[in-house]
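# Analysis of the macromolecular model
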Amino acid sequence: MSLFGRDTERKELDALLFDPRDRTGVLIEGEPGIGKSALVEETIAAAASVRVLRTAGTEAERHFGYAGLHRLLYPLRAAFAGLPTRQYDALACAFGLSDAEGEPSVHLVGLAALTLLSDAAAEQALLVVAEDVHWLDSASAEVLAFLARRIHTEPITVLATVRDGATTPLAAAGLTPMRLTALSAAPATLCAAGSGARDAHEVRHHSVIRRIRRTTPRGNARQVAGNRRDGTAAPPTTGPARSLHQISRSSTVTTIRFHLQSALSPAEVLGVLTDFGPTRPAAWPTIDTEHFTVHDRGETWAEVTEGTAAAWERARYEWDPAGTTVTIRTLDSKLFGAGGGWIFRAVPAGAVSRVEVELTRTPRTLKSRILAALLPLVGPSSLRKSFAGPLRAV
Ligand SMILES: Nc1ncnc2c1ncn2[C@@H]1O[C@H](COP(=O)(O)OP(=O)(O)O)[C@@H](O)[C@H]1O
Ligand SMILES: [Mg+2]
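Quantities reported herein were computed from a predicted structural model and do not represent experimental measurements. (Residues numbered from 1 in each chain as written. Chains lettered and ligands numbered in written order. Predicted model: local features only at pLDDT ≥ 70, side-chain atom pairs only at ≥ 80, totals over all residues.)

### Digging into the overall build of the chain
Counting secondary structure elements, the chain contains 13 helices and 12 strands. In the chain, which comprises 394 residues, the share counted as buried stands at 38%. (Helix = DSSP H or I, 4+ residues; strand = E, 2+ residues; numbered from the N terminus. Buried ≥ 20, exposed ≤ 12 C-beta atoms within 10 Å, placed from the backbone.)

### Description of unusual backbone geometry
With a phi close to 50°, Asp-132 is a non-glycine residue in the positive phi region. Along the chain, Asp-132 falls in the loop between strand E3 (126-131) and helix H6 (138-148). Even without a glycine there, the phi angle at Arg-392 is positive, about 50°. Structurally, Arg-392 is set in the segment after helix H13 (366-388).

### Some thoughts on the confidence of the model for the chain
Across the chain, pLDDT averages 81, with 81% of residues at or above 70. Segment residues 185-245 is flagged for pLDDT under 50; beyond a separation of four residues in sequence, or across chains, it makes 121 contacts in the model. Of the regions scoring below 50 in pLDDT, residues 247-251 engages in 15 contacts with residues more than four places distant in sequence or in other chains. (pLDDT = per-residue confidence, 0-100. Contact = placed C-beta atoms within 7 Å.)

### Focus on the nonpolar core
Core analysis: the biggest nonpolar cluster contains 47 residues, and Ala-113, Val-128, Ala-148, Ala-160 and Leu-170 have the highest contact counts within it. The contact partners of Ala-160, leaving out residues within four places of it in the chain, are Leu-27, Ala-130, Val-133, Leu-170 and Leu-175. If you look at the next biggest cluster of nonpolar residues, it comprises 31 residues, including Leu-270, Ile-328, Leu-335 and Leu-383. (Core = buried A, V, L, I, M, F, W, Y, C linked by C-beta atoms within 7 Å.)

### Looking at the sheet that holds strand E5 (residues 176-179)
One key point about sheets: their strands pair by backbone hydrogen bonds, in either a parallel or an antiparallel sense. Strand order in the open sheet formed by 5 strands is E2-E3-E4-E1-E5, and the pairing between neighbours is parallel. The open sheet is flanked by strand E2 (51-56) and E5, the only strands paired with a single partner. The average undirected angle you get between the axes of adjacent strands in this sheet is 15°. With 4 bridges connecting them, strand E1 (residues 26-30) and E5 associate as parallel partners. In the strand pairing of E5, Leu-27 is matched with Pro-177. (Pairing = 2+ DSSP bridges. Axes fitted to C-alpha atoms, helices over the stretch in contact; angles between N-to-C directions.)

### So, the sheet that holds strand E7 (residues 292-297)
The strand order E6-E12-E11-E10-E9-E8-E7 describes an open sheet built from 7 strands, whose pairing is antiparallel. With partners counted over all chains shown, the strands left at the sheet margins are strand E6 (254-262) and E7, one partner each. Recorded for the sheet is a direction-independent mean angle of 20° between the axes of neighbouring strands. Relative to strand E8 (residues 301-307), E7 runs antiparallel, the two being bridged by 5 bridges. Each bridged residue has a counterpart across the sheet, and for Asp-296 the counterpart in E8 is Glu-303. Sheet strands touched by helix H11 (residues 266-273): E6, strand E9 (312-319), strand E10 (325-333), strand E11 (341-349) and strand E12 (352-361). Its angle to E11, the strand with the most contacts, is close to 155°.

### Some words on the packing of helix H4 (residues 85-94) against helix H5 (residues 106-123)
Viewed as axis vectors pointing N to C, H4 and H5 meet at an angle of 105°, and their least axial separation amounts to 8 Å. For the element pair H4 / H5, the angle class is roughly perpendicular. Residues Arg-86, Gln-87, Tyr-88, Ala-90, Leu-91 and Ala-94 of H4 form the contact with H5, whose participating residues are Leu-108, Val-109, Leu-111, Ala-112 and Thr-115. Considered class by class, the residues forming the contact of H4 with H5 number 8 nonpolar, 2 polar and 1 charged. (Parallel < 35°, antiparallel > 145°, perpendicular 65-115°, else oblique. Nonpolar A, V, L, I, M, F, W, Y, C, P; charged D, E, K, R; others polar.)

### A word on the pairing of strand E4 (residues 156-163)
E4 sits mainly inside the fold: 7 of its 8 residues count as buried. Both E1 and E4 contribute to a ladder of 5 bridges, which runs parallel. In the sheet register, Glu-29 faces E4, and the bridge partner there is Val-162. Bridge count for E3 against E4 is 5 bridges, and the pairing is parallel. Looking across to E4, one finds that Ala-130 is bridged to Ala-160.

### Remarks on the environment of Ser-138
By secondary structure assignment, the location of Ser-138 is in helix H6. Taking C-alpha positions, Ser-138 is 8.5 Å from Pro-169, a pair spaced 31 residues apart along the chain.

### What to know about the environment of Ala-113
By secondary structure assignment, the location of Ala-113 is in helix H5. As a C-alpha pair, Ala-113 and Leu-69 span 44 residues in sequence and 8.4 Å in three-dimensional space.

### A look at the packing of H5 against H6
Here H5 crosses H6 at 55°, and the two axes come no closer than 9 Å. In terms of axis orientation, H5 runs oblique to H6. As H5 runs across H6, the sense of the crossing is right-handed. Note on element contacts: H6 touches H5 through Ala-139, Glu-142, Val-143, Phe-146 and Leu-147, opposite Val-106, Val-109, Gly-110, Ala-113, Leu-114 and Leu-117. In the contact of H5 with H6, the residues fall into 9 nonpolar, 1 polar and 1 charged. (Left-handed = near helix turned anticlockwise from the far one by under 90°.)

Right, dumping it as structure tokens:
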């Protein structure tokens, strides 16, 4: 999987986990679906030189004492027998390997775990991964915190994840907290999502994905399909807790519509849209000369690549020279791949023209789905602006 938009966090994690002079552990906090596990997996995949031991809290096992620790230490079971007697007895009791009754001492179990991990780390540095520690059984969470407080001199680091707002003994174990917030898309990319518009600075993107969670993207195919037979709308699938995960699954098609008033006549609007001469990049703020190629053209159609490095698209234009409509099919594009496109329609409106624009995106990758989900929010205004010049908006 390729991770989108977490470069800063990845670098920070590498520094905190793998710098031999200053190893600590990290506790990643964030709401469900924000991308904690994705970040952990990517970090593990890149950590070539360490041995990874992992456990995870699960709802099903949260009431089974030492279930989480058992999962972590199971790969080291061959070494259990070499532990000092009291540590072995405690661990054996914790893991049900002996007939001893009663609760083993968390302290002794912790020492046993520390011995096992230190011995293993003497052979190869260890990364101890503990996911969803809010669901760990409490004894395992206590032992992990005990370990975390004692490993700073060892080549062992802990990488743990926890749900926002949950309490865990690991929060007070000296791990560096890392709060994961909603993905921010680069503003340039965001605005370019539709057109390559350059007024990117307007987008306060950090809040945008958060706002998306509270907003139903218009034209979302599933929501349209979800309208009930009796004509009433299905309950919105969005809500305050809508996560990235849900965005990535639900936003399959995005259509946005807007219009602008143009001082040009409808025929002139058509003329500007379908003028593929050498002055096109100069006329359109969303096209630069390095990203403008006319592949082929006829009387009523053209196949071109146009845009910017951040947002080019290869498209087939079709129009009726005597008509009012230009349709543009996206054959390929930097941000969304193939599919979808644009429809421009110009109609007289008094002394001016009304230009109606419809943009459809059919994103396939997670990144483009996120961008598409943002289009209804940031698209219309930035697109309208980028068309204002060439279409002589009034
Ligand atoms: N930065 C990212 N790039 C690509 N996919 C991501 C990213 N963050 C999360 N995802 C995807 O979103 C979904 C939820 O992320 P996940 O890591 O499971 O969240 P968490 O562990 O915080 O609950 C997963 O399908 C994951 O692959
Ligand atoms: Mg997770």
